[in-house]
Amino acid sequence: MAMSDNLELANRRAKDMQAALPRVVAAHYDRRSGRIVIHLNSKLDVSFSPHDAQGLENAKPSQLDAIEISPSGFGIHFPKLDADLYLPGLLEGFLGSKKWMASRLGQIGGKSRSAAKRAASKANGRLGGRPKKVVRG
């Protein structure tokens with residue numbers, strides 16, 4: 001396939017995407033609620049806590065004030081953090097990469113205090129707890 005064919009195919013896919021998906025028309029950080037608010041061309045507003053998004057989880061409010069919208073309207077950029085979020089992913093509930101999301105789910109699971117987890121921990125303690133790490137030189 002020639003380079004011009006690839007370019008035409010990419011342009012066609014981009015036009016199809018723009019026709020099918022909503023785009024960001026405005027975005028801001030709402031200090032009162034502590035949430036990022038995204039206004040879409042479909043008249044829908046989407047908001048989320050920056051602590052739940054990759055690249056924003058440790059941001060200070062002053063770093064969230066500046067938000068840039070990509071020319072396509074499918075992304076938002078936080079220049080003070082050099083962080084980007086992709087709108088179609090956000091709308092599907094993805095606030096970061098698959099690896100990052102998996103690590104966040106693992107952290108949440110590790111904080112679980114279920115009866116089953118307490119029982120397993122108690123049983124492990126009766127066996128002497130976690131084995132000591134062996135340092136090999």
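Residues numbered from 1 in each chain as written. Predicted model: local features only at pLDDT ≥ 70, side-chain atom pairs only at ≥ 80, totals over all residues. Heavy atoms only, no water.

Considerations on the overall build of the protein chain
Assigned secondary structure in the protein chain consists of five helices and six strands. Overall, the protein chain shows an N-to-C arrangement of helices and strands of α-β-β-β-α-β-β-β-α-α-α. Within the protein chain, the proportion of its 137 residues that are buried is 22%. Counting contacts in the protein chain only where the partners sit at least 6 residues apart, residues at least 24 apart contribute 40% of the total. (Helix = DSSP H or I, 4+ residues; strand = E, 2+ residues; numbered from the N terminus. Buried < 20%, exposed > 50% of the residue type's maximum accessible area, 1.4 Å probe, protein only. Contact = heavy atoms within 4.5 Å.)

A closer look at the pattern of salt bridges
For the coordinates displayed, the defined rule picks out one salt bridge. With a shortest N-O distance of 2.8 Å, D65 and R31 are connected by a salt bridge. Of this pair, D65 sits in the loop between α2 (61-64) and β4 (68-69) while R31 sits in the loop between β1 (24-30) and β2 (35-40), and the two are 34 residues apart along the sequence. (Salt bridge = Lys/Arg side-chain N within 4 Å of Asp/Glu carboxyl O.)

Regarding the sheet that holds strand β6 (residues 83-86)
Hydrogen bonding along the main chain pairs the strands of a sheet, whether they run parallel or antiparallel. Spatially, three strands are ordered β4-β5-β6 in an open sheet, and the strand pairing comes out antiparallel. A single partner strand is all that each edge strand has here, and the edge strands are β4 and β6. Two strands pair when backbone bridges link them, and β4 and strand β5 (residues 75-78) are joined in this way by two bridges, in the antiparallel orientation. Bridge pairing in β5 links E68 to H77. (Pairing = 2+ DSSP bridges.)

Let's talk about the environment of Y86
Residue placement: Y86 occurs in strand β6. Separated by 16 residues in the primary sequence, Y86 and S70 place their C-alpha atoms 9.5 Å from one another. Apart from residues lying up to four places away in sequence, Y86 is in contact with M17 and F74.

Focus on the sheet that holds strand β3 (residues 45-48)
Across the sheet, three strands lie side by side as β1-β2-β3; this open sheet has antiparallel pairing. Edge positions in the sheet fall to β1 and β3, since each has one partner strand and no second. Averaged over all adjacent pairs, the angle separating strand axes in this sheet is 20°, with direction ignored. Relative to β3, β2 runs antiparallel, the two sharing four bridges. Bridging from a neighbouring strand, I38 pairs with V46 of β3. (Axes fitted to C-alpha atoms, helices over the stretch in contact; angles between N-to-C directions.)

Some remarks on unusual backbone geometry
Unlike most non-glycine residues, K43 shows phi in positive territory, near 75°. Overall, K43 belongs to the exposed group, its relative accessible area being 78%. One non-glycine residue, D82, lies in the positive phi region at around 50°.

Here we look at the nonpolar core
I36, I38, F48, L56, F78 and L85 are the most contacted members of the largest nonpolar core, which has 18 residues in total. At three residues, the largest contribution of residues to this core is made by β2. Ignoring sequence-local partners within four residues, the contact set of L56 consists of F48, P50, H51, L64, F78, L81, A83 and L85. (Core = buried A, V, L, I, M, F, W, Y, C linked by side-chain atoms within 4.5 Å.)

A word on the pairing of β6
Here β6 shows one buried face, formed by A83 and L85, and one open face, formed by D84 and Y86. Direction of pairing for β5 relative to β6: antiparallel, over a ladder of four bridges. In the sheet register, G75 faces β6, and the bridge partner there is Y86. Linking β5 back to β6 in an antiparallel pair, the connection comprises four residues, with D82 at a positive phi of about 50°.

So, to be careful, I would describe these as geometric facts and stop short of saying anything about function.
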